[in-house]
Amino acid sequence: MAKSILIVYSTGGGNTKNSAEAIAEGVKQAGGNLVGIKNVTEITVDELTKPDCILIGEPTWGDGEHYDDYLPFDNNMKERLVPGKKLAGKQCAVFAGCDRAYTIFGNAVDMIEDRLIECGAEIMQQGVKQELEHNEASLAFHKKWGHDFVKRINGEMPKQPHIPRMNHDDADRVKGIDPASRKKGAAAGGAAGAGAVKAAVKDAKAPGTVRPKPEAKAAVIPYKTTIAPARTFERKFSKSEIARRRFIQAGTYGSIGVISAAVAVFFFPGGWQVGVAHGQPYFTIGSPNVLFEPPTKFKIGTVDQYQIGKVDTRWQTRYRIWVVREPSKIYVGLLLCTHLGCTPDWKESESKFKCPCHGSGYYLDGVNFEGPAPRPMEHCDVRIDPSDGQIIVDKGKRYRSDKGEWESGSVQGGAYIAL
Ligand SMILES: Cc1cc2nc3c(=O)[nH]c(=O)nc-3n(C[C@H](O)[C@H](O)[C@H](O)COP(=O)(O)O)c2cc1C
Ligand code: FES
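The rules behind each value
- Residues numbered from 1 in each chain as written.
- Chains lettered and ligands numbered in written order.
- Predicted model: local features only at pLDDT ≥ 70, side-chain atom pairs only at ≥ 80, totals over all residues.
- Heavy atoms only, no water.
- Buried < 20%, exposed > 50% of the residue type's maximum accessible area, 1.4 Å probe, protein only.
- Helix = DSSP H or I, 4+ residues; strand = E, 2+ residues; numbered from the N terminus.
- Pairing = 2+ DSSP bridges.
- Near = heavy atom within 4 Å.
- Polar contact = N/O pair within 3.5 Å; in protein donor to acceptor, adjacent residues only side chain to side chain.
- Areas by Shrake-Rupley, 256 points an atom, 1.4 Å probe, with all protein chains shown as cover.
- Nonpolar A, V, L, I, M, F, W, Y, C, P; charged D, E, K, R; others polar.
- Phe/Tyr/Trp six-rings, centres within 6.5 Å; stacked < 30°, edge-to-face > 60°.
- Lys NZ or Arg CZ within 6 Å of the ring centre and 35° of its normal.
- Expected span 1.5 Å × (residues − 1).
- Contact = heavy atoms within 4.5 Å.
- Disulfide = S-S within 2.5 Å.
- Salt bridge = Lys/Arg side-chain N within 4 Å of Asp/Glu carboxyl O.
- pLDDT = per-residue confidence, 0-100.

1. What about the pairing of strand E6 (residues 128-131)?
Stage number 1. Neither face of E6 is left uncovered, since the one carrying Val 128 and Gln 130 and the one carrying Lys 129 and Glu 131 both have all their residues buried.
Stage number 2. Pairing geometry for strand E4 (residues 91-98) and E6, over four bridges, is parallel. From the neighbouring strand, Phe 95 faces E6, where its bridge partner is Val 128.

2. Looking at the site of ligand 1
Stage number 1. Close contacts around ligand 1 come from 22 residues, with Thr 11, Thr 16, Thr 60, Gly 64 and Ile 104 the closest.
Stage number 2. A distance of 2.8 Å separates an oxygen atom of ligand 1 from a polar backbone atom of Asn 15.
Stage number 3. Between ligand 1 and Thr 16 there is a distance of 2.6 Å, counted from an oxygen atom to a side-chain nitrogen or oxygen.
Stage number 4. Protein contacts shield 93% of the accessible area of ligand 1, which totals 640 Å² for the unbound molecule.
Stage number 5. Contributions of two or more residues to the shell around ligand 1 are made by helix H1 (15-29) and E4.
Stage number 6. Partitioning the shell around ligand 1 into residue classes produces eight nonpolar, twelve polar and two charged.

3. Looking at the packing of aromatic side chains
Stage number 1. One pass over the structure, following the stated rule, counts eight aromatic pairs.
Stage number 2. Plain terms: the ring middles of Tyr 70 and Phe 73 are 5.6 Å apart, the flat faces sit at 55° to each other, and that makes the pair tilted. Here Tyr 70 and its partner Phe 73 are both found in helix H2 (residues 70-81), three residues apart, which amounts to about one turn of the helix. Of the two residues, Tyr 70 and Phe 73, neither departs from the other in class, the shared state being buried.
Stage number 3. Ring centres of Phe 298 and Tyr 319 lie 3.5 Å apart, and the angle between their planes is 5°; this geometry places the pair in the stacked category. Of the two residues, Phe 298 is situated in strand E10 (residues 297-299) and Tyr 319 in helix H10 (residues 316-319); the sequence distance between them amounts to 21 residues.
Stage number 4. Grouped by ring-pair contacts, the aromatic residues Phe 298, Trp 315 and Tyr 319 constitute a single cluster.
Stage number 5. Above the ring of Tyr 306, the side-chain terminus of Arg 314 is found at 4.2 Å from the ring centroid.
Stage number 6. The ring of Tyr 416 has Lys 329 sitting right over it, with the charged end atom 4.7 Å from the ring centre.

4. Observations concerning helix H3 (residues 107-118)
Stage number 1. Helix length check: H3 (twelve residues) gives 17 Å between terminal C-alpha atoms against 16 Å at 1.5 Å per residue, within 8%.
Stage number 2. Listed in full, the buried residues belonging to H3 are Asn 107, Ala 108, Val 109, Asp 110, Ile 112, Glu 113, Arg 115 and Leu 116.
Stage number 3. If you follow the buried residues of H3, they end up packed against strand E3 (53-59), H2, E4, strand E5 (122-123) and E6.
Stage number 4. In the segment just after H3, Gly 120 is the residue with positive phi, at about 100°.

5. Thoughts on the state of the cysteines
Stage number 1. Tallied over the full model, the rule gives one disulfide.
Stage number 2. With a sulfur-sulfur separation of 2.0 Å, Cys 342 is cross-linked through a disulfide to Cys 357. Here the disulfide of Cys 342 and Cys 357 is left-handed, its torsion about the S-S bond being about -90°. Taken together, the residues Cys 342 in the loop between strand E13 (329-334) and strand E14 (345-347) and Cys 357 in the loop between strand E15 (352-354) and strand E16 (361-362) connect sequence positions 15 residues apart.

6. Structural notes on unusual backbone geometry
A negative phi angle characterises most non-glycine residues, just as the trans form characterises most peptide bonds.
Stage number 1. Residue Pro 164 follows Ile 163 across a cis peptide bond; omega there is 5°.
Stage number 2. The phi torsion at Leu 132 lies on the positive side, around 55°, for a residue other than glycine.
Stage number 3. Within the fold, Leu 132 resides in the loop between E6 and helix H4 (136-153).
Stage number 4. Of note, Ser 351 is a non-glycine position whose phi angle comes to about 50°, a positive value.

7. Considering the pattern of salt bridges
Stage number 1. By the definition in use, this model includes 26 salt bridges.
Stage number 2. Notably, a salt bridge pairs Asp 46 with Arg 80, separated by 3.0 Å at the nearest N-O pair. Of this pair, Asp 46 sits in the loop between strand E2 (33-39) and E3 while Arg 80 sits in helix H2, and the two are 34 residues apart along the sequence.
Stage number 3. With a relative accessible area of 45%, Arg 80 lands in the partly exposed category.
Stage number 4. With a shortest N-O distance of 2.7 Å, Glu 378 and Arg 398 are connected by a salt bridge. Of this pair, Glu 378 sits in the loop between strand E17 (368-370) and strand E18 (379-384) while Arg 398 sits in strand E19 (residues 391-399), and the two are 20 residues apart along the sequence.
Stage number 5. Among the charged side chains, a salt-bridge network with shared partners connects Asp 110, Glu 113, Asp 114, Lys 129 and Arg 165.

8. Here's the deal with the confidence of the model for the protein
Caution applies to low-pLDDT parts of the model: their predicted coordinates are not meant to be read in detail.
Stage number 1. Averaged over all residues, the pLDDT of the protein equals 80, while 73% of them reach at least 70.
Stage number 2. Between residues 186-239, whose pLDDT stays under 50, and residues either more than four places distant or in other chains, the model counts 65 contacts.
Stage number 3. In this model, residues 263-293 is a region of pLDDT below 50 whose contacts with residues beyond four sequence positions or in other chains number 43 contacts.

See below:
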């Protein structure tokens, strides 16, 4: 009788769910006995004791932490399955979501594997780290990963060591991206850069064959870092000379910093503050009561500068808003995803806003209809300045559709200006 396999996952935006489904396809294709594919919110940890094999996945969250839905599941594993090693004899493997923008990369793989081992389980193959959204190559990779798992539990392929765990370059290979192309800047635009992915798919190793390089020596370069000056410097001088120069450089910058700080403290005894307010960065200097932050009120021109029926994103970068003019009114929305605060983009061809983080979709008025966003984006207060006829937007005063506040507009303004 074929060994039973259970797939368990959690997900915020759907990427890890997509991984689970692709893996399930691969398992079935290899003739595996898939007995279920469950969200952690649908089962208790006791159900992990039933199948012969378990595949578990979640997105890495927080700062290299468990995803909110998964955390209680992990706590229960610790409480109920670690004592007596209740998963002894189970064959397992782990998949996780990740994003190199975070310092602790795809750590969910490490955490889940460690917990499974504590519970007595055996890890059969290297955990796969899926960076952000899937593409064709990564779906194929996950399918093959599921397929290989079945082969390994059946003894048709050797057990694969799970350490070292996947690093940035390995995650690139999962998505069919040649890591070297990213380093050359060819993959500018991020892991999901469609052009880079397409170009690199051809060069990618066959799915399932990734072998990681030792993490510490891989000299992985974060793709947002500019490295050119440091490189030139290192080619010209010996190691000891570089060390000496860096020491002097650090001393010089350090002294400038200390002197500047002393001057600032002398003149502005209230100190500095840096932070984010109303979705915009700010800093304060001197007394904490003196706040230098971008204005929440600003003007965006006159009504006739906006076309009827068009979603106008000309102020997206400067003020993080969009403007819609209808025949009878004009309103302004704040581009702040109600899931976790990313900035959705207007997709003209699909007539919707799409959040790049976890795929929430919104109609042109900001009402959510897909993805994890719990409610519509907010509209800002708008009114006409009688002195020059320009629209004044106040981002400090906002209106929520789910509270019925979008109705509160008139010719005087409010949630919209009646025309
Ligand atoms: C609030 C937040 C925190 C995150 N923290 C990390 C992290 O520490 N390390 C990491 O590699 N990825 C991190 N990620 C990236 C997620 O793992 C990644 O977006 C994943 O694709 C989400 O999967 P899902 O669509 O199944 O929710 C974080 C994402 C969010 C939104
Ligand atoms: S969908 Fe998660 S921040 Fe927008």
